[in-house]
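Each chain is listed here by its residues.
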Amino acid sequence: MTAKEKIDRLRADLHRHNYNYYVLNAPEISDKEFDDMMRELQNLEQAYPEYADENSPTMRVGSDLNKDFVQVAHKYPMLSLGNTYSESEVTDFYNRVKESLNEDFEICCELKYDGTSISLTYENGRLLRAVTRGDGEKGDDVTDNVKTIRSIPLVLHHGNYPQSFEIRGEILMPWESFEALNRERELREEPLFANPRNAASGTLKSQNSAVVAARKLDAYLYYLLGEDLPCDGHYENLQTAKTWGFKISDHMKKAQTLQDIFDYINYWDTERKNLPVATDGIVLKVNSLKQQRNLGYTAKSPRWAIAYKFQAERALTRLNKVSYQVGRTGAITPVANLDPVQLSGTVVRRASLHNADIIEGLDLHIGDMVYVEKGGEIIPKITGVAKEMRDGNLGEKVVFITHCPECGSKLIRYEGEAAHYCPNETACPPQIKGKIEHFISRKAMNIDGLGPETVDLFYQQGLIKDVSDLYLLKVEDIERLERMGRKSAENIVKSIEQSKSVPYERVLFALGIRFVGETVAKRLSRFATDITELYQAETDALTEVDDIGEKIAQSVVSYFRNPQNKALVERLRHIGLQMKQNAEELAGKTDKLAGQNVVISGVFTHHSRDEYKALIEKHGGKNTGSISGKTSFILAGESMGPAKLEKARKLGIRIVNEDEFLQMIE
Ligand code: IVH
């Protein structure tokens, strides 16, 4: 067998096994065998770059090259559906269709999957492009990300598919992946996704397709479009598309009567809770495409389809009290304290009330019976008050607090923001503790051995009043506290000491300036290579920096204008924290190529050979003369010698062109 034949065989086998596993749920080989085949294909593709294929199964692993999405116009606009929550409107829809058509018709009943919609274009049986809904007229080209979703075929099975067609559907994050992802994010102290829909759409827009590959998305397809489709029936077209390799729901059903439709609705209203993915309703579609054309469209949606949304699960319970939490940034969150009530399998005692406007809108009184909903969200929310259940003695009206429950400061509300804040950044206990917790977290100063409880303890004991006090802690101070031994005390002090070498950009992040996340901190560290430059920075200059808008700029300016903050930064500087970029960073040195042996071969256009040699060294790699088993990759320009090419192939060494190399070290 030639290498080309071997590659083709592996690709076909892997496409088939992938389909068996991800679409049919019926694998024929073990995971290990699958991985081994994939690795073999990867090696062959590296050795024979001339046989590269955009739709190879190896494309499913994603890459971590950054990309900005390109916008693409939809060939057919992506419309939305008319929505209803009422059964009588379903009857109205049915009767309208009946009257307009004045002939027999069937309705296809489907589940309404709650994810993010996608339009896939196939040409000659191969996935060409995947585009998000966007504004309905044009969307983002997310093809590389979509290729990592294993249930989406890259190459179709043999069949009578049109030369060119589109198929649309919903990209979903199954409950199981969603819960696992949030557990991981909790550990890493990253913000949680509120529901699988947000997680799916957030993931799909990721700039890094390797992240998408790791997140385990799934997809159901529910709409075939094109000039020459195989059948007149929507249902029949999808069943045919199933034989081409698409994942089509097994729960579609054709209804002949209104009663059939209600049976379907009633069955799935409860049964959907046993599905592995989120659904929020059902979709009814006139089945015949000819009849669909006759019915046509309104400006926004088809007249031949409607979505019936399930009532979110809700419970009725008594409001006992509203309490207020103060976060690290001083943001105040009102929380409803409720009589415990069962909701979607858990007992709910507290629910979010979001902000003052929501409370005002609900006209909430203590003792009211309130509706609590979960609707796919983790944190339940209050959605209404059963006013008809109020008796003569109405409880006290809930009025948003005016002063901080922790420190008594008068609350403020920033223009255009819904939340109230406690402005007492430097002396409000939860803000101080929150700031310290943020400061020591992994992505900031990465101080081990300290958690929220220890921080709380140190604070209670008067050992720390702000982050600079951490650096004054002595083993003896810590050791005498409850539950602390000599060993853990020593570790904490050591870890605090080590944090003095954490780079400047992370120190900037660790300060906990409002709206300054990791990315913004990185940008700021390049804008002001020494922190003292930020003392005088003006809003206008800051907004010139990428990713920094008016709001962030103002926050940075006001942080450094506050004398207490400036004094803290100065204390930290004297303690020895990194408050400027070091010479290596300034020179652009990185360790992106650490441990790699790179051979340079051929003729280049962007840089000279010597420049490439310098670049390799600047990024921690080594430039070596001849190709051997130890070579990590070859940086190849034009006309690399055939003998070298052959040797590289034999050894399975990756060949990287100029552009790829420059992206690697970007
Ligand atoms: S059909 C023109 N079928 O619901 C009709 N949509 O507002 C195109 N959805 O944006 C949509 N499950 O993201 C259709 N079985 C299903 C669906 C479905 C979920 C989503 C889709 C669309 C929205 C409708």
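Remember, predicted model here, so these are calculated numbers, not experimental data. Within each chain, residues carry numbers counting from 1 in the order of the written sequence. At least 70 in pLDDT is required for a residue's local features to be given in this predicted model, at least 80 for side-chain atom pairs to be given and counted, and no such filter applies to totals for whole chains, interfaces and linings, which use all residues. Hydrogens are left out, water is left out, and the side-chain values use all remaining heavy atoms of the structure.

> Explain the site of the ligand to me, using residue names and the numbers behind them.
Working definition: residue near molecule or strand if any one of its non-hydrogen atoms lies within 4 Å of it. Residues in contact with the ligand, as listed here, are S80, L81, E110, L111, K112, Y113, S117, E170, Y222, V283, K285 and P302. E110 is positioned such that a nitrogen or oxygen atom in its side chain is 2.8 Å from a nitrogen atom of the ligand. Counted as a polar contact is a pair of N or O atoms within 3.5 Å, where, for protein atoms, one must be capable of donating a hydrogen and the other of accepting one, and residues adjacent in sequence contribute only when both atoms are in side chains. Between the ligand and K112, the relevant distance is 3.3 Å, taken from an oxygen atom to a side-chain nitrogen or oxygen of the residue. Here the accessible surface of atoms and residues is derived via Shrake-Rupley with a 1.4 Å probe, and residues count as covered only by protein chains that are part of the display. In isolation the ligand offers 530 Å² of accessible surface; the protein chains occlude 90% of this area. Counting residues per element, the ones that place at least two in the shell around the ligand are β3 (107-113) and β10 (279-286). Where helices and strands are cited, they refer to DSSP runs of H or I of at least four residues and of E of at least two residues respectively, numbered from the N terminus. No other element matches β3, which puts 4 residues into the shell around the ligand. Polarity classes work like this: nonpolar for Ala, Val, Leu, Ile, Met, Phe, Trp, Tyr, Cys and Pro, charged for Asp, Glu, Lys and Arg, and polar for all others, with Gly in that last group. In the shell around the ligand, the residues fall into 6 nonpolar, 2 polar and 4 charged.

> Any chance you could break down the nonpolar core for me, citing the residues and the numbers?
We call a set of buried Ala, Val, Leu, Ile, Met, Phe, Trp, Tyr and Cys residues a nonpolar core when their side-chain atoms join them within 4.5 Å. A 1.4 Å probe rolled over the protein chains alone gives each residue an accessible area, and that area as a share of the maximum for its type sets the label: buried under 20%, exposed over 50%, partly exposed in between. With 55 residues, the main nonpolar core has F439, L470, I531 and L534 as its most contacted residues. If you list the elements that add at least two residues to this core, you get α12 (429-440), α13 (452-460), α14 (475-479), α15 (486-498), α16 (504-510), α17 (518-527), α19 (550-561) and α20 (563-575). In this description, contact between two residues means that some pair of their heavy atoms is separated by no more than 4.5 Å. Excluding its chain neighbours within four sequence positions, the residues that come into contact with F439 are A444, M445, N446, I447, V467, L470, Y471, A510 and L577. Counting 36 residues, the second largest nonpolar core, distinct from the first, contains A200, L217, A241 and L289.

> Account for the pairing of β3, with residues named and values stated.
Most of β3 is tucked away, with 7 of its 7 residues classed as buried. In terms of strand pairing, β3 meets β10 through 7 bridges, oriented antiparallel. Each residue of the ladder has a partner; that of I107, found in β10, is V286. Strand pairing is assigned whenever DSSP identifies at least 2 bridges connecting the two strands.

> I'd like a rundown of the sheet that holds strand β7 (residues 164-172), residues and numbers included.
Here 4 strands make up an open sheet; going across it, the order is β5-β4-β7-β8 and the pairing antiparallel. The outermost strands of the open sheet, each flanked by one partner alone, are β5 (126-132) and β8 (218-225). For this sheet the average axis-to-axis angle between neighbouring strands, irrespective of direction, equals 30°. Sheet topology places β7 next to β8; 7 bridges connect them, and they run antiparallel. The partner of I171 across the bridge, within β8, is A219. Lines fitted to C-alpha atoms define the axes, with helix axes restricted to the stretch in contact, and inter-axis angles between N-to-C directions lie between 0 and 180 degrees. The sheet contacts of helix α6 (residues 196-204) involve β4 (116-123), β5 and β7, and relative to β4 the element is tilted by about 45°.

> A description of the sheet that holds strand β9 (residues 253-255) should follow, citing residues and the corresponding values.
Spatially, β2-β11-β10-β3-β9 is the arrangement adopted by the 5 strands of the open sheet, whose pairing is mixed. Either end of the sheet is taken by a strand with one partner, and the two such strands are β2 (83-84) and β9. Set on the sheet, helix α3 (residues 87-101) makes contact with β2, β3, β10 and β11 (305-309); between it and β11 the angle comes to about 170°. Each of β3, β9, β10 and β11 touches helix α9 (residues 258-271); the most contacted strand, β3, lies at about 20° to it.

> Which residues make up the confidence of the model for the chain, and what are the values?
Looking at the chain as a whole, its pLDDT mean stands at 90, while 98% of the residues score no less than 70. Highest mean pLDDT in the chain belongs to β3 (98); lowest belongs to helix α21 (residues 583-586) (74). pLDDT gives the predictor's per-residue confidence on a scale running from 0 to 100.

> Describe α9, with residues and values.
Residue count minus one, scaled by 1.5 Å, sets the expected span of a helix. Compared with an ideal rise of 1.5 Å per residue, which puts 14 residues at 20 Å, α9 spans 20 Å between its outermost C-alpha atoms and is within 8% of the ideal. Looking only at α9, the buried set comprises L258, I261, F262, Y264, I265 and W268. Summarising the axial view, the buried residues of α9 lie within an arc of 155°, below the 170-degree limit, and thus occupy one face. Note: the arc covers the axis-to-C-beta directions of the helix.

> Run through the packing of α3 against α9, naming residues and quoting values.
Two packed helices can be described by the angle between their axes and the distance between those axes. Contact pair α3 / α9: the axes reach a minimum separation of 11 Å and the direction vectors enclose 145°. Handedness of the crossing formed by α3 with α9: right-handed. Where α3 abuts α9, its residues E87, V90, T91 and Y94 lie against L258, I261, F262, I265 and N266. Of the residues assigned to the contact of α3 with α9, the class counts are 6 nonpolar, 2 polar and 1 charged. Crossing handedness: left-handed means the near helix sits turned counterclockwise from the far one by under a right angle, and right-handed means the same turn made clockwise.

> Go over the pattern of salt bridges with me, naming the residues and quoting the values.
A pair is scored as a salt bridge if a Lys or Arg side-chain nitrogen falls within 4 Å of a carboxyl oxygen belonging to Asp or Glu. Scanning the entire structure with this criterion turns up 38 salt bridges. Here R390 makes a salt bridge to D363, at a shortest N to O gap of 3.8 Å. Remark: D363 occurs in the loop between α11 (356-362) and β15 (369-373) and R390 occurs in the loop between β16 (381-385) and α12; sequence separation between them is 27 residues. Since its relative accessible area comes to 23%, R390 is described here as partly exposed. Overall, the relative accessible area of 24% leaves D363 in the partly exposed class. Here R523 and D547 are joined by a salt bridge, their closest N and O atoms 2.8 Å apart. On the criterion of sequence distance, the pair formed by R523 in helix α17 and D547 in the loop between α18 (539-543) and α19 is long-range, its members being 24 residues apart. Ionic contacts of the salt-bridge type, sharing partners, join the residues E360, D363, D368, R390 and K397 into one network.

> Could you give an account of α13, with specific residues and numbers?
Each full turn of the α-helix corresponds to 3.6 residues, which orients residues three or four apart in the same direction. Among all positions of α13, only T454, V455, L457 and F458 are buried. End-on, the buried residues of α13 take up no more than an arc of 160°, which puts them together on one face. Seen from the open side of α13, the exposed residues pointing more than 90 degrees away from its buried face are P452, E453 and Q460. Remark: G462 follows α13 within two positions and exhibits a positive phi of approximately 75°.

> Run through the side chain of D469, naming residues and quoting values.
Relative to the assigned elements, D469 resides in the loop between α13 and α14. The class for D469 is buried, based on a relative accessible area of 11%. When neighbours within four sequence positions are excluded, D469 is seen to be in contact with L463 and I464.

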